[in-house]
Structure formats: C-alpha cells, structure tokens
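Coordinate analysis (summary)
As a plain string of letters, each chain reads:
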Amino acid sequence: MTSPSPLVRPDTVYSGVRNAILDGSYPPGTTITESAVAMRYGVARPTAKLALQRLVTDGLLRRGAHQAARVPELTRDDIGDLFDNRAMLEAAATAALARAGAVPPAAVAAQRALREHAAGFARADIAFHRALVAGQPSPRLAHMHSRLMGEVELCIGQVQAHHLLDPTTIAEQHQRILDAIVAADPDAADRLTHAHIEGARDALLAHYDESHGDDR
C-alpha cells in the first residue's frame, strides 16, 4: 500500500480531480470516493476529503448525506435553465463593461490563450467568461455568476469532449464581444453575449437529444 505523501497538497488533488472531470476522464454519473482519490494521489483520506468537498462546493460534484460524491448528470431542463440564467448574468456584465469601455486584462489574456491553445480550449473559455464578470463593478452579480460556474464548467467540458463547437468560432465570438466593449456599445455587447451563450446551449441540447433518444 502506498504511503501518503506529505508533498501533495489539497490544491494539487483538487486541480487534478477537477481537470479529470472537465476533460471527461470522469464522465457524468461517475462515483468518486475519498479512498480512490487518496490512493491515486498518494495522500491521506482527510486531504482527499478536503479536495472533494471543495469540488462539491463548486458544483462539479454532488454528494448526499452518507453518500459518495458523483459527477452530476444534468438533465435537458438543467442545461436550458443554466444557460438561460448564465446568458442574463453575463450579458449584464458585458453591457456594464461596455458602458465604461473597459476590457478586463484577464479576459484579453484568456482570449490570447484560447487562440494559441485551441486544442484544449475549455480552460481558456472558462477563464474568459469568469474574467468578464469579475471585471464588472457589481460584486452581487459576480457572486450570482460564481454560483453557476461549476455546472457551467461541466457543460463547457462536454462541449470540448464531444467537439460540439469549433474553437476558432468560439474565439471569433469572444473577439466580437471584446470589440463591442471597446467600442462602448452596451447593446451590441448584450446581444453578442446572448447569441454566444445561446449557441453553446443549443449545441449541448442537440447533443443531449441525440444521445438520450426516447429517454427525453
């Protein structure tokens, strides 16, 4: 039996499991136990428990009382509701940024990373959207958005895993949003953000319908 390593920190375990969820190594419905994580990363079970609890808090895992953590299986209604609410929040954020004509530097950096590393675009895509919302002035809007982002990240991971959208198209849509912000055009920023998120929603729903067939 492998002895726990004092060199592996909870953040490392958290990042490893999180990335495995987002890249589809742990697909929806997968059970992830503390003992399995502890063994995989060579850590004590309390360290694994801390990492998994953080992922539960983020929305990337769900766990009932006295149950192991599981990767959520989102329903068709879940996806629609999640993306509709996300569109409202992010459109409000980009419109607020456009009124000031200010693009958050972190969003520019994420856009550059997306263009340079299109093969693994999920992280850069997530970082782009987080940066836009974090850069607008309302802490309450940012808080509401953060509560959605775990499930949003699950969906973005599925977009990448199943090649539902072209990364080049995503980058072009991002750029049009940034251009609207720089042009101080809140109406365009709002409209383009809605179109961008609703396009991802529709791609996910079409994939859901295809993969679930008569089970819908």
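Now for a look at the structure at hand. (Residues numbered from 1 in each chain as written. Predicted model: local features only at pLDDT ≥ 70, side-chain atom pairs only at ≥ 80, totals over all residues. Heavy atoms only, no water.)

**Comments concerning helix H2 (residues 34-41)**
Just so we agree on the cut-off: Throughout this description, buried means an accessible area under 20% of the type-specific maximum (1.4 Å probe, protein chains only), exposed means over 50%, and partly exposed covers the range between. Each helix corresponds to a stretch of at least 4 residues labelled H or I by DSSP, and each strand to a stretch of at least 2 residues labelled E; elements are numbered beginning at the N terminus. Relevant arc is that of directions from the helix axis to the C-beta atoms, nothing else. Whether two residues are in contact is decided by their heavy atoms: any pair within 4.5 Å suffices.
Listed in full, the buried residues belonging to H2 are Glu34, Val37, Ala38 and Tyr41. Each buried residue of H2 lies within a common arc of 100° when the element is viewed along its axis, so the set occupies one face. Seen from the buried face of H2, the exposed residues on the opposite side, beyond 90 degrees, are Met39 and Arg40. Tucked inside the fold, the buried residues of H2 contact helix H1 (10-22), strand S1 (31-32) and helix H3 (45-58). One or two residues past the end of H2 sits Gly42, with phi positive at roughly 65°.

**What to know about the packing of H1 against helix H7 (residues 139-161)**
Put simply, the rule is: Geometry is summarised by axes, namely lines fitted to C-alpha atoms with helices restricted to the contacting stretch, and by angles between N-to-C directions that run from 0 to 180 degrees. Under this scheme an angle from 65 to 115 degrees is roughly perpendicular, one under 35 degrees roughly parallel, and one over 145 degrees roughly antiparallel; angles in between are oblique.
Contact pair H1 / H7: the axes reach a minimum separation of 8 Å and the direction vectors enclose 55°. Comparing their axes, H7 and H1 come out oblique. Counting all contacts with H1, which are made through Arg18, Ile21 and Leu22, the residues of H7 involved are Glu153, Leu154 and Gly157.

**Notes on the packing of aromatic side chains**
Geometry of an aromatic ring pair is reported as the spacing of the ring centres plus the angle between the planes. So the rule is basically this: Between rings of Phe, Tyr and Trp, where Trp is taken as its six-membered ring, a pair exists when centres lie within 6.5 Å; planes separated by under 30 degrees are stacked, by over 60 edge-to-face, and by other angles tilted. Sitting over a ring, as applied to charges here, requires NZ of Lys or CZ of Arg to be within 6 Å of the ring centre and within 35 degrees of the ring normal.
Scanning the model with the defined rule gives 0 aromatic pairs in all. Stacked on the ring of Tyr14, the Lys or Arg Arg54 has its end atom at 3.6 Å from the ring centre.

**Structural notes on the side chain of Thr30**
The criterion, for reference: Any N or O atom pair separated by 3.5 Å or less is treated as a polar contact, with the protein-specific requirement of one donor-capable and one acceptor-capable atom, and with residues adjacent in sequence counted only for side-chain atom pairs.
For Thr30, the location among the structural elements is in the loop between H1 and S1. A distance of 2.7 Å separates a polar atom in the side chain of Thr30 from the backbone oxygen of Pro27. With residues near it in sequence (within four places) discarded, Thr30 still touches Ala69, Arg70 and Val71.

**Details of helix H4 (residues 76-100)**
Formally: Here, expected helix span is obtained from the residue count minus one, scaled by 1.5 Å.
Taking 1.5 Å of rise per residue, the 25 residues of H4 would be expected to cover 36 Å, and the 37 Å separating its terminal C-alpha atoms lies within 8% of that figure. One or two positions beyond H4, positive phi appears at Gly101, with a value near 65°.

**Observations regarding the nonpolar core**
The condition that has to hold: The definition of a nonpolar core used throughout is a set of buried Ala, Val, Leu, Ile, Met, Phe, Trp, Tyr and Cys residues joined through side-chain atoms within 4.5 Å.
The biggest cluster of nonpolar side chains holds 48 residues, and the ones touching the most others in it are Val17, Ile21, Ile32, Val37, Leu61 and Phe83. Per-element accounting of this core gives the leading share, 8 residues, to H7. In this structure, Leu97, Ala98, Ala110 and Leu178 belong to the second largest nonpolar core, which totals 14 residues.

**Overview of the packing of H4 against helix H6 (residues 121-135)**
To describe two helices that pack against each other, one gives the angle between their axes and the distance between the axes. Here is the rule: Rotating anticlockwise by less than a right angle from the far helix to the near helix defines a left-handed crossing, while the corresponding clockwise rotation defines a right-handed one. Each residue gets one of three labels, nonpolar for Ala, Val, Leu, Ile, Met, Phe, Trp, Tyr, Cys and Pro, charged for Asp, Glu, Lys and Arg, and polar for the others, Gly among them.
The contact between H4 and H6 brings their axes to 8 Å, and the two run at 60°. Taken as axis vectors, H4 and H6 run oblique relative to one another. The handedness of the crossing between H4 and H6 comes out as left-handed. In this structure, H4 contributes Arg86, Glu90, Ala93, Thr94 and Leu97 to the contact, and H6 contributes His129, Leu132, Val133 and Gly135. Split into classes, the residues belonging to the contact of H4 with H6 amount to 4 nonpolar, 3 polar and 2 charged.

**Concerning the environment of Arg76**
Checked against the element boundaries, Arg76 lands in helix H4. Residues Arg76 and Thr169 lie 93 residues apart in sequence; the distance between their C-alpha atoms is 24 Å.

**Some words on unusual backbone geometry**
Notably, His163 is not glycine yet its phi reads approximately 55°, a positive angle. Along the chain, His163 falls in the loop between H7 and helix H8 (167-182). Since its relative accessible area comes to 69%, His163 is described here as exposed. With phi around 55°, Ala184 is a residue other than glycine that occupies positive phi space. With respect to the secondary-structure elements, Ala184 resides in the loop between H8 and helix H9 (186-212).

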